[in-house]
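Below are the chains, spelled out letter by letter.
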Amino acid sequence: MIDLRSDTVTRPTAAMREAMARAEVGDDVYGEDPTVARLEKLTAEITGKAAALFVPSGTMSNQIALLCHTQRGDEVIIGEGAHCAFYESGAGAAWSGVQFEVAGRGGLFGPDELKAVIKPPADYHPRTRVVALENTHNRAGGRVFPQRDVLAIGEVARAHGLAMHLDGARVWNASVASGLSVAELCAPFETVSVCFSKGLGAPVGSAICGDAATIVRARRFRKMLGGGMRQVGVLAAGALYAVEHHRARLAEDHAAARVIGAAIREVSGASVPEVETNLVQVDLPVAADELVAAARARGVLVGASGARRVRVVTHLDLPAARVAEAAAALAEATREVVTRKATPA
């Protein structure tokens, strides 16, 4: 099977496994794991922040950021379908006690849309405290948040005394697609979450990055949430290898996604927005599960991301030699389910 459900399904490469096997380790709760320290130092440098903290997952890094920036009853402004509200099991309400307000539509928004939802100071309003952006935006089909909008949003946030958090799980992809460095993309934000186990292909891990004082607080919250780990350098070594060796090759995933998107777009009745990174979004006139089943029957695994929407994600475990095969199979599967819908009973 060709598994294109997510870029989290990858297996560590042989070289990554070797790096993990040779990792120098120590007790990271005591701050004594040298491999974790190397990963955190490098991640902070790449994102342009003073410090970074290795955590088990992107959900934890996002939620730690909310804990650092808010008090219970505060409000966080997000784009529609943001991961921190849509895919994190209600953690914002459970741990930070925050509520979310959506700006714009389709995942992205601009400064005027931000201004429209900031609450004025009043005892009867929640206190708006954080603006959280996602780049690339998962539910928007892997779109890159335009940097000019990010900068303008940052100016509005500063004028209102709001913190900025970036859910940069796939900021590596945004950097490759935009031609801007990761540090440039992260510059407007007080805190940044990055993921090593998506496009970069590490088996586990994310990091939260920010100033030194914030990361001191983040370390305590990590422990509180059960994320303090011991000889975790074995996992950090996989993430470190991914950061050092797998960022440049993300362009290959983007190219593969464009090939697949173009093939499906040829099918009348299917809608495929412009493919910007490694995600292909397919909107259908039929139930998404029908395409999921038809694709599986042809040897390709994809996932439903809505009632009539399918997500296809390219990654380093999709060999270049099989891109055309995957594209043809998905186009054929799409044609089958769309034609079935159009054919009278």
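Sequence order sets the numbering: in each chain, residues are counted from 1 along the sequence as written. Reporting of local features is limited, given that this is a predicted model, to residues whose pLDDT is at least 70; pairs of side-chain atoms are given and counted only at 80 or more, and all residues count toward the totals for whole chains, interfaces and linings. With hydrogens and water set aside, each side-chain value is computed from the structure's full complement of heavy atoms.

J.: A description of the overall build of the protein should follow, citing residues and the corresponding values.
T.: Secondary structure elements are defined from DSSP: runs of H or I of at least 4 residues count as helices, runs of E of at least 2 residues count as strands, and each element is numbered from the N terminus. Across its full length, the protein carries 14 helices and twelve strands. What the globule rule says is 2.2 Å times the number of residues to the power 0.38, and the radius of gyration is computed from C-alpha atoms. Against the 2.2 N^0.38 benchmark of 20 Å for 345 residues, the protein shows a C-alpha radius of gyration of 21 Å, consistent with a compact globule. Once the C-alpha set of the protein is aligned to its principal axes, its extents read approximately 60 × 55 × 35 Å. The buried label goes to any residue with under 20% of its type's maximum accessible area, the exposed label to any with over 50%, and the partly exposed label to all in between, with areas taken from a 1.4 Å probe on protein chains only. Looking at the protein as a whole, 56% of its 345 residues are labelled buried. Considering only residue pairs separated by 6 or more positions, the protein has 74% of its internal contacts joining residues 24 or more positions apart. For the protein, the exposed area adds up to about 14,500 Å²; of that, 52% sits on carbon and sulfur atoms. In what follows, residue pairs with any heavy atoms lying within 4.5 Å of each other are defined as contacts. Here the Shrake-Rupley method, with its probe set to 1.4 Å, supplies the accessible areas, and only the displayed protein chains count as covering residues.

J.: Any details on helix H3 (residues 58–69)? Residues and values, ideally.
T.: With twelve residues, H3 extends 17 Å from end C-alpha to end C-alpha; this agrees with the ideal 16 Å at 1.5 Å per step. Counting buried residues along H3, eleven of its twelve residues qualify, which places the element largely inside the surrounding structure. Regarding H3, the residues found buried are Gly58, Met60, Ser61, Asn62, Gln63, Ile64, Ala65, Leu66, Leu67, Cys68 and His69. Helix span, as expected, comes to 1.5 Å for every residue beyond the first.

J.: I'd like to hear about the side chain of Ser197, residue by residue, with values.
T.: Looking at the secondary structure, you find Ser197 in the loop between strand S7 (191–195) and strand S8 (206–210). Judged by relative accessible area, Ser197 falls into the buried class, the value being 15%. What Ser197 contacts, discounting residues up to four positions off in sequence, is Asp7, Thr8, Ala202, Pro203, Val204 and Gly205.

J.: Pulling in residues and values, what's your account of the environment of His160?
T.: Along the chain, the position of His160 falls in the loop between helix H7 (147–159) and strand S6 (163–168). Classification of His160 as partly exposed rests on a relative accessible area of 44%. C-alpha of His160 to C-alpha of Gly106: the two residues are 54 residues apart in sequence and 24 Å apart in space.

J.: Tell me about the sheet that holds strand S5 (residues 127–134), and please be specific about residues and values.
T.: In this description, strands pair whenever DSSP reports at least two bridges between them. Judged by pairing direction, the sheet is mixed, and its seven strands sit side by side in the order S2-S8-S7-S6-S5-S3-S4 without closing on themselves. If you trace the sheet from one side to the other, it starts and ends with strand S2 (51–55) and strand S4 (99–103), each paired once. Pairs of neighbouring strands in the sheet enclose a mean axial angle of 25 degrees, with direction left out of account. Bridge count for strand S3 (residues 74–79) against S4 is five bridges, and the pairing is parallel. Directly across from Val76, in S4, lies its bridge partner Phe100. Interaxial angles span 0 to 180 degrees and are taken between N-to-C directions of axes, which are lines fitted to C-alpha atoms, for helices over the stretch in contact.

J.: Quick rundown of the UniProt feature "domain: Aromatic amino acid beta-eliminating lyase/threonine aldolase" (unreviewed entry) in the protein? Include the residues and the values.
T.: UniProt positions are given in the numbering used here, feature names are shortened, and annotations may be inferred rather than shown by experiment. According to UniProt, the feature "domain: Aromatic amino acid beta-eliminating lyase/threonine aldolase" (unreviewed entry) maps to residues 3–283 in the numbering used here. Across residues 3–283, the secondary structure splits into 42% helix and 16% strand, with the terminal C-alpha atoms separated by 19 Å.

J.: Mind laying out the packing of helix H2 (residues 34–47) against helix H11 (residues 233–245), listing which residues take part and the relevant values?
T.: Packing of H2 against H11 brings their axes to within 8 Å, and their N-to-C directions diverge by 35 degrees. By crossing handedness, the relation of H2 to H11 is classed as left-handed. When H2 is examined against H11, the residues Thr35, Val36, Arg38, Leu39, Leu42 and Ile46 are found in contact with a partner set consisting of Gly233, Ala236, Ala237, Ala239, Leu240, Val243 and Glu244. Each residue gets one label: Ala, Val, Leu, Ile, Met, Phe, Trp, Tyr, Cys and Pro are nonpolar, Asp, Glu, Lys and Arg are charged, and the others, such as Gly, are polar. When the residues that make up the contact of H2 with H11 are grouped by side-chain class, the tally is nine nonpolar, two polar and two charged. If you view the pair so one helix is near and one far, a crossing is left-handed when the near helix is turned anticlockwise from the far one by less than a right angle, and right-handed when it is turned clockwise.

J.: Break down the sheet that holds strand S12 (residues 309–313) for me, citing the residues and quoting the values.
T.: Taken together, three strands build an open sheet; the order of strands is S9-S12-S11 and the sheet is antiparallel. Taken across any chain shown, the strands that pair with only one partner, and hence form the sheet edges, are strand S9 (279–283) and strand S11 (303–306). Across the sheet, the axes of successive neighbouring strands diverge by a mean angle of 35 degrees, strand direction being ignored. As judged from the three bridges shared by S11 and S12, these two strands associate in the antiparallel manner. Looking across to S12, one finds that Ala304 is bridged to Val310. The strands touched by helix H12 (residues 250–265) are S9 and S12; relative to S9, the strand with the most contacts, the crossing angle is about 15 degrees.

J.: Give a description of the pattern of salt bridges that names residues and reports values.
T.: A carboxyl oxygen of Asp or Glu within 4 Å of a side-chain nitrogen of Lys or Arg is what we treat as a salt bridge. Within the structure shown, the criterion is met by 19 salt bridges. Across the pair Arg249 and Asp253 runs a salt bridge whose closest N-O atoms are separated by 2.5 Å. For the pair shown, Arg249 and Asp253 are each scored as buried. With a shortest N-O distance of 2.8 Å, Glu325 and Arg322 are connected by a salt bridge. When its relative accessible area of 41% is taken as the criterion, Glu325 is described as partly exposed. Among the charged side chains, a salt-bridge network with shared partners connects Glu290, Arg298, Glu332, Glu336 and Arg340.

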